Amino acid sequence: MDAYASLACIYTVKKAFTMTSIEITFLGTTAGIPTPKRNHASVYLKYQSENEFTYLFDCGEGTQRQIFSSGLNFMRINDIFISHWHADHFAGLMGLIQTMNLEQRKKPLCVYGPEAENFVPKLLNIGYFVQGFEVNGVDVNFEKHEISTLMETNEFMIQSIPVKHAIPAVSFAFVEKDRIKIDKAKAKKLGLPEKGPLYKQLKEKGKASFKGENVALEDVALVEKGKKVVYSGDTMACKTIEEISQGADLLIHDSTFFEEDFEKSYRHATVEDVLRIAKNANVKQIILTHISRRYQDTDDLKGKIKNYPNVSIAKDFMNVVVK
Ligand SMILES: [Zn+2]
């Protein structure tokens, strides 16, 4: 395909679909202890298509104030995902839920996480907390080393996989589905029917057979590949984070330590670990987060990633859009 044809093809594909985006705002980027510049872990994710969906991944202490400061709207949060039950990842939940309550939220809220059915009711039963809307803890598998789909719409899925930390912990992936538009003129030219089970099979399997002939999805459809963003939570380097990160457009990864010595005792990843994982998983863009307070400036880290233009270091309130 020459350059002009290739551009024309991209233009046709873009024109066939409404633009979608996944917008990420880092609300907190420190490790166990906050610093003047870094709050506890939390990532705000907004998926924009014809509809808008908003999710929070982790909710460390002070997250609601970070949401206010960033100009985002906590009332738009559909559900919350907690990677593990260390306080730097969940201690902001109580305050945030109480504020949602004061602001008259009525929509039920699900809080997903390993052992969430145990911990969420406990959190809500501390103090004289009046609860005007339903909050449900939803358990996420942290034992079987496989990808679980936690929720699914026509447009996207949110998935998890167990990872390796000192306590039960998971990573999450926001996975946009491939978008497919059948080109009726092309289908007619190939002698295919206007509708029928053939198209369901093509969309699901990428190929089908009609009157003994093989048909590939690309022969009769425009396909826009779905986008994928992965959030590691806290983990050492492991095979499962590589598995869920396969082909991701963006990997947000624990990078607590810059040197190799620490990661084993504290069960976190180093910069070298993340670079290796990203390479093995063919990730397009990497953002390092969960930075230990021992690194008040990140010059050392910048030196380590200077040869990797697709790697950057998270800061509080940093905003990234995957289109
Ligand atoms: Zn942590």
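This text follows the structure it describes.
I will try to describe carefully the structure that is included in this document.

1. Notes on the pattern of salt bridges
So, point 1. Under the criterion given, the structure shown has ten salt bridges.
So, point 2. For Lys225, the salt bridge goes to Asp178, with nearest N and O atoms at 3.4 Å. Of the two residues, Lys225 sits in the loop between strand E13 (221-224) and strand E14 (228-231) while Asp178 sits in the loop between strand E9 (170-176) and strand E10 (179-182), which places them 47 residues apart along the sequence.
So, point 3. Given a relative accessible area of 36%, Asp178 falls into the partly exposed group.
So, point 4. Here Glu224 and Arg179 are joined by a salt bridge, their closest N and O atoms 2.7 Å apart. Taken as a pair, Glu224 in strand E13 and Arg179 in strand E10 lie far apart in primary sequence, 45 residues in all. For the pair Glu224 and Arg179, a shared accessibility class is recorded, and that class is buried.

2. Points about helix H7 (residues 197-205)
So, point 1. Among the residues of H7, those classed as buried are Leu198, Tyr199 and Leu202. Summarising the axial view, the buried residues of H7 lie within an arc of 95°, below the 170-degree limit, and thus occupy one face. Structural note: H7 exposes Pro197, Lys200, Glu204 and Lys205 on the side pointing more than 90 degrees away from its buried face.
So, point 2. On its buried side, H7 packs onto E10, helix H6 (184-189), strand E11 (207-210), strand E12 (213-216) and helix H8 (217-220).

3. Considerations on the coordination of the zinc ion
Reference values for angles at a metal are 109.5 degrees in the four-donor tetrahedral case and 90 or 180 degrees in the six-donor octahedral case.
So, point 1. All of the protein donors around the zinc ion are Asp88 (OD), His89 (NE2), Asp234 (OD) and His290 (NE2); their distances to the metal are 2.1 to 2.2 Å.
So, point 2. Coordination geometry of the zinc ion: the four donor atoms subtend angles of 88 to 165° at the metal centre, consistent with an arrangement described as irregular.
So, point 3. Within one chain, the residues donating to the zinc ion are spaced in sequence as D-H-x144-D-x55-H. On the criterion of sequence distance, the pair formed by His89 in helix H3 (residues 87-90) and Asp234 in the loop between E14 and helix H9 (239-244) is long-range, its members being 145 residues apart.

Conventions used here
Residues numbered from 1 in each chain as written. Predicted model: local features only at pLDDT ≥ 70, side-chain atom pairs only at ≥ 80, totals over all residues. Heavy atoms only, no water. Salt bridge = Lys/Arg side-chain N within 4 Å of Asp/Glu carboxyl O. Helix = DSSP H or I, 4+ residues; strand = E, 2+ residues; numbered from the N terminus. Buried < 20%, exposed > 50% of the residue type's maximum accessible area, 1.4 Å probe, protein only. Arc of directions from axis to C-beta. Contact = heavy atoms within 4.5 Å. Donors = N, O, S within 2.8 Å, 3.2 Å for Na, K, Ca; no water. Tetrahedral: all angles 85-135°; square planar, octahedral: opposite > 155°, others 65-115°.

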